[in-house]
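Listed below are the residues making up each chain.
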Amino acid sequence: MLDTVEKEDTVISEEEAAQYDRQIRLWGLDAQKSNIGLHQRLRGSHVLLVGLRGLGAEVAKNLILAGVKGLTLLDHEEVTEESCRAQFLIPVGSEGQNRAQASLERAQYLNPMVDVKADTEPVESKPDEFFLQFDAVCLTGCPRDLMIRIDQICSQKNVKVFCGDVFGYHGYMFSNLGPEHHYVEEKLKAVKPSEGTSDGPDTKKPKVDPSETTMVKKTASFCSLKEALEIDWTSEKAKASLKRTPADYFLLQVLLKFRTDKGRDPQPSSFADDSTILRQIRDDVLEAQGLASDLIPDEFVSYCFSEMAPVCAVVGGVLGQEIVKALSQRDAPHRNFFFFDGLKGSGVVDYFATK
């Protein structure tokens with residue numbers, strides 16, 4: 001697991017040098033070696049990825065190219081025309097096959113040094129112990145209650161949890177790295193003025209040398225998915241943060257409830273009926289939280305059907321990057337949500353405190 005990885009040999013092998021040639025040529029071998037301890041954590045990590053639609057394919061690609069040790073692709077659904085529109089790992093003509101199995105060959109081809117496996121069983125049937133064999137679990141396309149259950153299981157054993165989805169032009173990711181996530185950031189090193197320099201106010205101040213950096217240890221705290229989704233918006237503290245909370249947070253609540261109630265996501269083939277249902281769920285969700293229904297305008301139904309490939313690429317890129325950062329314990333993570341609105345072409349990071 002992660003706490004033993006740093007004890008392994010930190011020499012870059014010939015196979016790794018060939019596989020990561022682009023990074024070495026871009027940053028130089030010395031830079032690659034300077035980060036080798038952090039990279040070793042990533043190379044020793046096993047990740048579970050649930051859901052192999054468009055977003056799942058993007059996350060899989062990014063993790064495999066980054067060089068995790070093992071990636072398990074879990075999906076019990078069959079390939080359909082709708083599910084593979086934004087899914088580039090599934091070959092043409094794979095309709096009727098299992099999505100994870102159909103994605104395996106192309107996924108493995110991306111990086112032979114990563115052990116990629118396919119699991120075709122339903123994630124709901126997995127016992128608690130199944131999730132604890134991984135260093136990180138990434139859930140896409142899952143019902144709300146299932147995500148909360150898995151988050152609770154993993155957080156008790158320090159397994160990092162990520163969730164994500166794409167609904168039309170909208171996408172999100174959530175991360176729970178535990179109450180104390182330790183990481184390092186690279187900062188420019190302040191150099192003290194050398195002795196014998198001329199007097200003056202500026203000469204006595206430490207100066208930043210762009211050629212010298214130092215690694216600074218930091219800690220971040222995360223709340224659970226249940227806490228993040230079950231905020232009491234009638235409390236004074238929540239009301240004060242309402243203005244900076246993106247509407248996509250509440251839209252996510254609506255779409256997750258639709259998934260729970262209908263056992264599926266909104267379908268373009270039933271646009272009229274699903275639009276009516278979505279608007280009613282919108283009204284119910286916002287009313288239950290004491291919020292005005294115009295917080296999510298009526299036209300939202302025109303932009304939350306199916307998966308948009310460009311949105312999958314953006315959200316999958318952020319989600320994959322956050323998993324890599326968490327496993328390598330390098331750089332500040334997002335806390336706890338990232339929302340992307342394809343209509344605005346912008347993303348928003350939101351932090352929900354645990355207290």
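What you see is a predicted model, and the numbers here were worked out from it, not measured in a lab. (Residues numbered from 1 in each chain as written. Predicted model: local features only at pLDDT ≥ 70, side-chain atom pairs only at ≥ 80, totals over all residues. Heavy atoms only, no water.)

1. Let's talk about the overall build of the protein chain
Turning to step 1, where the next piece is worked out: The helix and strand tally for the protein chain stands at 14 helices and 10 strands.
Turning to step 2, where the next piece is worked out: Counting all 355 residues of the protein chain, 47% fall into the buried class.
Turning to step 3, where the next piece is worked out: Pairs at least 24 apart in sequence give 67% of the contacts found in the protein chain among residues at least 6 apart.
Turning to step 4, where the next piece is worked out: Working note: accessible area of the protein chain is about 17,800 Å², and carbon and sulfur atoms make up 51% of it. (Helix = DSSP H or I, 4+ residues; strand = E, 2+ residues; numbered from the N terminus. Buried < 20%, exposed > 50% of the residue type's maximum accessible area, 1.4 Å probe, protein only. Contact = heavy atoms within 4.5 Å. Areas by Shrake-Rupley, 256 points an atom, 1.4 Å probe, with all protein chains shown as cover.)

2. Here's the deal with the environment of Asn336
Turning to step 1, where the next piece is worked out: Following the sequence through the fold, Asn336 ends up in the loop between α14 (309-328) and β9 (337-341).
Turning to step 2, where the next piece is worked out: Each C-alpha atom of the pair Asn336 and Leu225 lies 8.8 Å from the other, and the pair is 111 residues apart in sequence.

3. Some remarks on the pairing of strand β4 (residues 136-140)
Turning to step 1, where the next piece is worked out: With respect to burial, β4 is a largely interior element, 5 of its 5 residues being buried.
Turning to step 2, where the next piece is worked out: The side-chain alternation of β4 yields two buried faces, one formed by Ala136, Cys138 and Thr140 and the other by Val137 and Leu139.
Turning to step 3, where the next piece is worked out: Bridging between β4 and strand β5 (residues 160-167) involves 5 bridges; their strand directions are parallel. Note that in β5 the partner of Cys138 across the bridge is Phe162.
Turning to step 4, where the next piece is worked out: In this fold, β4 hands off to helix α9 (residues 144-155), which returns the chain to β5; that crossover is right-handed. (Pairing = 2+ DSSP bridges. Right-handed = clockwise from strand over helix to strand, strands pointing away.)

4. Describing the nonpolar core
Turning to step 1, where the next piece is worked out: Leu278 and Phe337 are the most contacted members of the largest nonpolar core, which has 47 residues in total.
Turning to step 2, where the next piece is worked out: Top element by residues in this core is helix α12 (residues 247-262). It accounts for 8 residues.
Turning to step 3, where the next piece is worked out: Beyond its immediate stretch of four places on either side in the chain, Leu278 contacts Val254, Leu255, Phe258, Pro266, Phe300, Val301, Cys304 and Phe305.
Turning to step 4, where the next piece is worked out: Among the nonpolar cores identified, the runner-up in size contains 39 residues, and Leu55, Leu71, Tyr183 and Val311 belong to it. (Core = buried A, V, L, I, M, F, W, Y, C linked by side-chain atoms within 4.5 Å.)

5. Overview of the side chain of Ser94
Turning to step 1, where the next piece is worked out: Considering the arrangement of structural elements, one finds Ser94 in the loop between β2 (70-74) and α7 (99-110).
Turning to step 2, where the next piece is worked out: Ser94 has contacts with Val79 and Ala102, leaving out every residue within four places of it along the chain.

6. Some thoughts on the layout of surface pockets
Turning to step 1, where the next piece is worked out: Approximately 720 Å³ is the volume attributed to the second largest pocket.
Turning to step 2, where the next piece is worked out: Taken together, 35 residues form the lining of the second largest pocket, with Arg53, Glu77, Arg99, Gly141 and Asp265 sitting closest to its centre.
Turning to step 3, where the next piece is worked out: Secondary-structure elements contributing two or more residues to the lining of the second largest pocket are α6 (54-66), β5 and α12.
Turning to step 4, where the next piece is worked out: Here the element with the most residues in the lining of the second largest pocket is β5; it accounts for 3 residues.
Turning to step 5, where the next piece is worked out: Residues belonging to the lining of the second largest pocket are distributed by class as follows: 12 nonpolar, 11 polar and 12 charged. (1 Å grid on protein atoms, 1.4 Å probe; cavity = no way out; pocket = protein on both sides within 12 Å on 5 of 7 lines; lining within 4 Å. Points joined across faces, edges and corners; volume = space filled by probe spheres on them. Nonpolar A, V, L, I, M, F, W, Y, C, P; charged D, E, K, R; others polar.)

7. Details of the pairing of β9
Turning to step 1, where the next piece is worked out: When you tally the buried positions in β9, you get 5 out of 5 residues, the bulk of the element.
Turning to step 2, where the next piece is worked out: Of the two faces of β9, the one lined by Phe337, Phe339 and Asp341 and the one lined by Phe338 and Phe340 are each fully buried.
Turning to step 3, where the next piece is worked out: Here 5 bridges tie strand β6 (residues 170-176) to β9, and the two strands are oriented antiparallel to one another. Its bridge partner lying in β9, Phe174 is registered against Phe337.

8. Some remarks on the side chain of Arg99
Turning to step 1, where the next piece is worked out: Checked against the element boundaries, Arg99 lands in helix α7.
Turning to step 2, where the next piece is worked out: At 2.9 Å, the side chain of Arg99 forms a polar contact with the side chain of Asp75.
Turning to step 3, where the next piece is worked out: Excluding anything up to four places from it in sequence, Arg99 contacts Leu52, Arg53, Asp75, Glu77, Glu78, Val79, Ser83 and Ile90. (Polar contact = N/O pair within 3.5 Å; in protein donor to acceptor, adjacent residues only side chain to side chain.)

9. Observations concerning the packing of aromatic side chains
The geometry of an aromatic ring pair is captured by the separation of the ring centres together with the interplanar angle, meaning the angle of the planes.
Turning to step 1, where the next piece is worked out: Per the counting criterion, the structure on display carries 12 aromatic pairs.
Turning to step 2, where the next piece is worked out: On the numbers, 5.3 Å between centres and 80° between planes, the contact of Phe130 with Phe131 is edge-to-face. Exposure class is identical for Phe130 and Phe131. Each is buried.
Turning to step 3, where the next piece is worked out: Between Tyr249 and Phe337 the ring centres are 5.9 Å apart and the planes differ by 80°, which places this aromatic pair in the edge-to-face class. With Tyr249 in helix α12 and Phe337 in strand β9, this pair connects stretches of sequence that are 88 residues apart. (Phe/Tyr/Trp six-rings, centres within 6.5 Å; stacked < 30°, edge-to-face > 60°.)

Just distances and angles here, no functional claims.
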